[in-house]
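Chain by chain, the residues:
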Amino acid sequence: MSTGPQSSTAATRRTRPRDRKLSILRAAETAFAKNGYHRTSMADIARSLDITSTALYRHFKNKEDLLAQTLVGGLDATLARLQEARRTDESGVAILDELVTMSLEFRGLPRLWQREVRNLSPDVRRGVLMRVLRLNVQLRHAVAMRRPDLAAADVELLAWCVLSIAVSPSHHNVQLPTDQFATQLGAMIDAVVESDTVFGGDARRPYPRTSSLTDNADTTDDALERAIRPERLLVAAARLFNTRGYAAVGIEDIGAAAGIAGPSIYHHFESKADLLTEIVERSEQWIVLYTSRALMVGTTTEQSLSLILKSYTQFALEQPDMIGTAVTEVIHLPDTHGARFRKAHRDGVVRWARLLQVARPELELDAARVQIQAMTTIVNDAVRNDRIRTRPDLVDAICAIGERVMFATAVPEHLAGPNIAGQSALSP
C-alpha cells in the first residue's frame, strides 16, 4: 500500500474539522465586532484559527461574503430558535428567555448589524435588515401575549426596548457567569414588559431636532459665516458618518455637504480623523456636563439618576448623529485618541454605576454597570430608529422605561455585593 504524498493528503482531508465553516463564522463575528470590518483581514481571521487564508476561501468568496454569511447565519439561527420557542409556549415567556440565551451566545452579532451592515451590497443589506425586523415581530408577539392591554404602537416600542436590553452586552466587555448574566438581563426585560407605564401621544408627529445656525446655509454676515464654518463641517460630518459610516465618507463629501468646497476645509481640520475626534470629544463633554449638573441639582440619589437619564435622552434625541457616530464609529479613531475616549467612556459608565449602587446597595459594581449599559443602549437605539422617533412622548416613555431598567428588582442573590450605602458614588 502506498504511503506517499497522496496518502498524507488524504489523511489531512479526513482530519479536517467538519464544523470548520462554523468555526470560521464564529471567529469572524468576534474579529469584526472587536476590530471592525475595515481593520480586519481574512489573514487575521485565519491566524486566530491557526489555519491558512486558503482554507477561508474554500468556504467564502471574499471578506464581504464572510461578513454577509456571519450576519445572515447568526440572525437566521436566532429567528429559528425564537420561532421554536413560540411553538412550545404561546405565552411569550419562552421567546424572551430564548432571546437572552441567543444574545449571550452571539454576543458580537448585534454590533455587526448596527455598525458593519453598511459594508454589504444593497440587496444583502436589505436582507439583513429584514431579518432584524422579523426579530422585532417575534418580540412584539411575546410582549403582546404578556401585555394584551397595550396598544400596538406601545407593544412595538416595548419590543424594541426588549431587544436593546438583550443586545446591550454586545456594546461592552463586562463579564459575568452566563447564568447570572442571563438572569440579570431577564430581570430587566421583565421589569420593562410588566411595567404599568401609561403611554400616549400622536405617533405620527416626529420628535423635533434642535435647530442651530449650522442648519441654515444662507448666512449673509461674512464674519459670522467664517465663525460657524467649522460647526457646519462638524454637523455635516456627523450626519454622514452616522448614515454612511466613517470609511465610506471622504473629506470632500463632508465639504460638499456643508457647502464648503476646496482647500478651505483644511483651514479648520487637518483630516477626516480630526473631525471624528472632535465629534466624539464633544459628545463626551456634553455627557460630563449634564452628569455634573444632575449631581449638583439632585436632592436624592434617585433624583440625580433620573436627571442624568432625562438629560441623556434629550441630548441623544436632539443630536442623534453625534450619538450615532460616537456609538458606531469610535473604532476608527487614531489609536491614542481611541484609547483616551474608551477610558473616558468606561469611567463615565462606572461613575453612573456607582451612583446606582448608592440607590441599589445590593448590586455589585459589574452588575450595576450591566444595568446602566442596558439603559443607555435603549436610548442609543431609540434615537436611530425612525419608527420609535415618531413618538412625541418619547422622552417621557424612554425615561420611564430606563428607570425600570435601573431599578429592576429581580436581581438574584448571587449578584449581590456588600452594602456600600455609605460610600461616595464618585469614589474610584
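Per an unreviewed UniProt entry, the protein goes by the name TetR/AcrR family transcriptional regulator and belongs to Antrihabitans spumae.

(A) Molecular detail of the packing of aromatic side chains. Tallying each qualifying case throughout the model produces six aromatic pairs. An angle of 55° between the planes, with centres 6.3 Å apart, marks the rings of Tyr290 and Phe315 as tilted. Of the two residues, Tyr290 is situated in helix H13 (residues 272-297) and Phe315 in helix H14 (residues 301-318); the sequence distance between them amounts to 25 residues. Look at Phe315 and you get buried, because its relative accessible area is 6%. Ring pairing ties together the aromatic residues Trp286, Tyr290, Tyr312, Phe315 and Trp352, which thus form one cluster. Here the guanidinium or amino end of Lys63 rests over the ring plane of Tyr37, the centre of that ring lying 4.3 Å away.

(B) Up close: the pattern of salt bridges. By the definition in use, this model includes 26 salt bridges. Ionic pairing is found between Arg118 and Glu329, a salt bridge with its closest N-O pair at 2.4 Å. Residue Arg118 is found in the loop between helix H7 (109-115) and helix H8 (122-146), and its partner Glu329 is found in the loop between helix H15 (320-328) and helix H16 (335-359); the two are separated by 211 residues along the sequence. Accessibility classification places Arg118 together with Glu329 in one group, the buried group. Note that Asp366 is salt-bridged to Arg369, the shortest N-O span being 3.8 Å. Remark: Arg369 and Asp366 occur in helix H17 (residues 365-382); sequence separation between them is three residues, near one turn of the helix. The exposure class of Asp366 is partly exposed, given its relative accessible area of 30%. Accessibility expressed as a relative area gives 17% for Arg369, which makes it buried.

Rules and cut-offs
- Residues numbered from 1 in each chain as written.
- Predicted model: local features only at pLDDT ≥ 70, side-chain atom pairs only at ≥ 80, totals over all residues.
- Heavy atoms only, no water.
- Phe/Tyr/Trp six-rings, centres within 6.5 Å; stacked < 30°, edge-to-face > 60°.
- Helix = DSSP H or I, 4+ residues; strand = E, 2+ residues; numbered from the N terminus.
- Buried < 20%, exposed > 50% of the residue type's maximum accessible area, 1.4 Å probe, protein only.
- Lys NZ or Arg CZ within 6 Å of the ring centre and 35° of its normal.
- Salt bridge = Lys/Arg side-chain N within 4 Å of Asp/Glu carboxyl O.

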